[in-house]
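Residue-level structural notes
In case you want the letters, here they are:
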Amino acid sequence: MLQSSKIKLTVREDTDNPFLLGPFQPNDTEYTVTGPDLKVIGEIPKDLHGIYVRNTHNQVHHPIGVYHPFDGDGMLHAVHFHDGKAEYRNRFVQTTGFLAEQAAGKSLWPGLLQPHLYTRRGWGAIGAMKDNAGTDVKHHNGKLIATMSQGSEPWRLDPITLETLGPDPVLGPRVPDGIASHNKVDSLTGEMMFFNYPEHHPFMNYGVVNAKGELVHYVPIELPGARWPHDLGITQNYTVLHDLPLYFDAAGLKQGRHDLVFNRDLPARFGVIPRFGDNAQVRWFEATTCFILHLTNCFEDGDEVVMDGCIMPDFKKPPVGESDDIYTRIKNNLDKHNNKTHMHRWRFNMRTGQTREERIDDEVTEFPACSNDYVGRPYRYSYNVLYKKGEWLFSGLKRFDLVKGGTARYEFGDGRYGSEPQVARAVGAKAEDDGYVLSFVTDMNANQSECLILRADDMAAGPVARVILPERIQVGTHACWVEGDRIAGEGRIAV
Ligand SMILES: [Fe+2]
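What comes next is a walk through the structure. All of these numbers come straight from a predicted model, not from anything done at the bench.

1. Some words on the overall build of the protein chain
Along the protein chain, the regular secondary structure elements total four helices and 34 strands. The C-alpha radius of gyration of the protein chain comes to 21 Å, within 12% of the 23 Å expected for a compact globule of 495 residues. By its C-alpha atoms, the protein chain is 60 × 55 × 45 Å across when sized along the principal axes. Considering the protein chain as a whole, with its 495 residues, one finds that 51% of them fall into the buried category. Within the protein chain, residue pairs in contact and separated by at least 24 positions form 58% of the contacts whose partners lie at least 6 positions apart.

2. With respect to the pairing of strand 31 (residues 435-443)
Here strand 31 lies mainly inside the structure; eight of its nine residues are buried. Of the pairings in the sheet, the one linking strand 29 (residues 416-417) to strand 31 comprises two bridges and is antiparallel in character. Considered in strand 31, the bridge of Tyr417 is made with Thr442. By the bridge criterion, four bridges tie strand 30 (residues 422-425) to strand 31 in an arrangement that is antiparallel. By the bridge assignment, Arg425 is partnered in strand 31 with Gly435.

3. Details of the nonpolar core
Residues Tyr52 and Val53 are the most contacted members of the largest nonpolar core, which totals 125 residues. Sequence-distant contacts of Val53, defined by excluding residues within four places in its chain, comprise Leu76, Ala78, Val137, Leu144, Ala479, Cys480 and Val482.

4. Considerations on the environment of Ile64
In this structure, Ile64 sits in the loop between strand 4 (50-57) and strand 5 (74-82). Counting along the chain gives 154 residues from Ile64 to Tyr218, while the straight-line C-alpha distance between them is 35 Å. If we ignore the near neighbours within four places in the chain, the residues touching Ile64 are Ser107, Trp109, Pro110 and Leu117.

5. Quick look at the sheet that holds strand 26 (residues 381-387)
Across the sheet, which stays open at both edges, the four strands sit in the order 25-26-27-28 with antiparallel pairing between neighbours. What marks the edges here is a single partner per strand, and that holds for strand 25 (365-369) and strand 28 (407-411). Averaged over neighbouring strand pairs, the angle between their axes works out to 25° when direction is ignored.

6. Comments concerning the sheet that holds strand 8 (residues 143-147)
With antiparallel pairing, four strands are arranged side by side in an open sheet as 7-8-9-10. Only two strands of the sheet have a single neighbouring strand rather than two, namely strand 7 (136-140) and strand 10 (164-167). The sheet shows a mean angle of 30° between the axes of neighbouring strands, taken without regard to direction. Strand direction decides the pairing type here: strand 9 (residues 155-157) and strand 10, joined by three bridges, are antiparallel.

7. Points about unusual backbone geometry
Omega for the bond connecting His201 with Pro202 falls within 30 degrees of zero, at 10°, which places this linkage in the cis form. Looking at the secondary structure, you find Pro202 in the loop between strand 12 (191-196) and strand 13 (203-209). With phi around 55°, Asp83 is a residue other than glycine that occupies positive phi space. Note on placement: Asp83 falls in the loop between strand 5 and strand 6 (85-92).

8. Looking at the environment of Asn339
Following the sequence through the fold, Asn339 ends up in the loop between helix 4 (326-334) and strand 23 (342-349). Sequence-wise, Asn339 and Tyr387 are 48 residues apart; in three dimensions their C-alpha atoms are separated by 12 Å. Every residue in contact with Asn339, bar those within four places of it in the chain, is listed here: Met312, Asp314, Phe315 and Lys316.

9. Side note on the environment of Leu397
Tracing the sequence through the fold places Leu397 in strand 27 (residues 394-401). Between the C-alpha atom of Leu397 and that of Gly105, which follows or precedes it by 292 residues, the distance is 39 Å. Not counting residues up to four positions away in its chain, the partners in contact with Leu397 are Tyr383, Val385, Leu386, Arg409, Tyr410, Gly418, Pro421, Val437, Ser439 and Met459.

Rules of the game
- Residues numbered from 1 in each chain as written.
- Predicted model: local features only at pLDDT ≥ 70, side-chain atom pairs only at ≥ 80, totals over all residues.
- Helix = DSSP H or I, 4+ residues; strand = E, 2+ residues; numbered from the N terminus.
- Rg over C-alpha atoms; globule rule 2.2 N^0.38 Å.
- Buried ≥ 20, exposed ≤ 12 C-beta atoms within 10 Å, placed from the backbone.
- Contact = placed C-beta atoms within 7 Å.
- Pairing = 2+ DSSP bridges.
- Core = buried A, V, L, I, M, F, W, Y, C linked by C-beta atoms within 7 Å.
- Axes fitted to C-alpha atoms, helices over the stretch in contact; angles between N-to-C directions.

Right under this line is the structure:
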């Protein structure tokens, strides 16, 4: 079966914005493809059960001002694997802003780089953008949750049909500063930890939602000023919050300007808070000045809380460079080669208050992922993306063995670009890497897209199967894996 429904894009064909062209060209059609209409090359493993979901900033309307690739409307792409079969769906996240712009037939909100062009109040930490919910996607308590990086209402979607179910009616009103991207789920307890970072005091809030979807903890976290964090980490007993020296100049903010500053004179600070702790219980650890987008994982090791992620020791604030061309400057910022981004380990000693740091690797990688089953606990493997130099495009995957050392890699090939990988452990898996690594690939040579299924323990061997999508899809980043036995809820635990 193949069903499709088209919406009208108003992005002008003569746009010169590279983030709306080529691999970034937005899609206008929502598909449902099941059965023999979905072409599969190879054989889908019978022990692959669950849903791989990826979010995408898929812009519908011609933008107001300079379009940044983090501005576009949210669109989810999902492949549901079960019994050796696959189904593909893609749907827009129908947020309040998306529906308002659909009704108006044009953009109503500006983007990240020119928020001062706003004419009506928006969402997010800046309060001037559309609630695009196109950054991150996670699954909790039987629903997908799509978020924008700056924080917005937690938009819920059905994990199988991708139907937008609206913002959480209970949680939404209780967290007026929203949920920022990169909430984390402890799959053993079913709890979801999240944060937000408003421009007003206390500048951060931290919360816990239990396995039944109830907000059971929500506390202010006092930061020295408005910050621009992007991730948090969890362990069995703690959450690690980020206070990084990337922020909007306070004097400018008072005058309504958003002048991003990376202050190399300030250390990075990491706040280790008990899962149900409050501001007074945060233990702050200082570390090398840096910015961090994404963590692989955190865990406890004796007296230490260990945090692994991709450090940017030489962060270049956007837009970067001397070029007159704004798009070149955006690319320069997004190309992690310019920020020398690489895998790094921090160890926070809860007894001594000291931080120890360890460089794990030199190669530029980002968007690291580990298996959901190991989030917050000792783990062995991180799966990261490789970057095409000079671009905001993922050229391959690299696996790190963080216990025994060594790496493995798989490159997508010229003109082929992937997304954040996710680890789908095989049904009945015993080993951490008994299962599969999944990524969507946009192939500019073949003008098609596919979902790649690689063996997690042998990525270099290439895909065991490829699910060919009905058309080429825009490249995107963040993704999640919904295990087959978690689709209906946090059913692994008694709730
Ligand atoms: Fe992110």
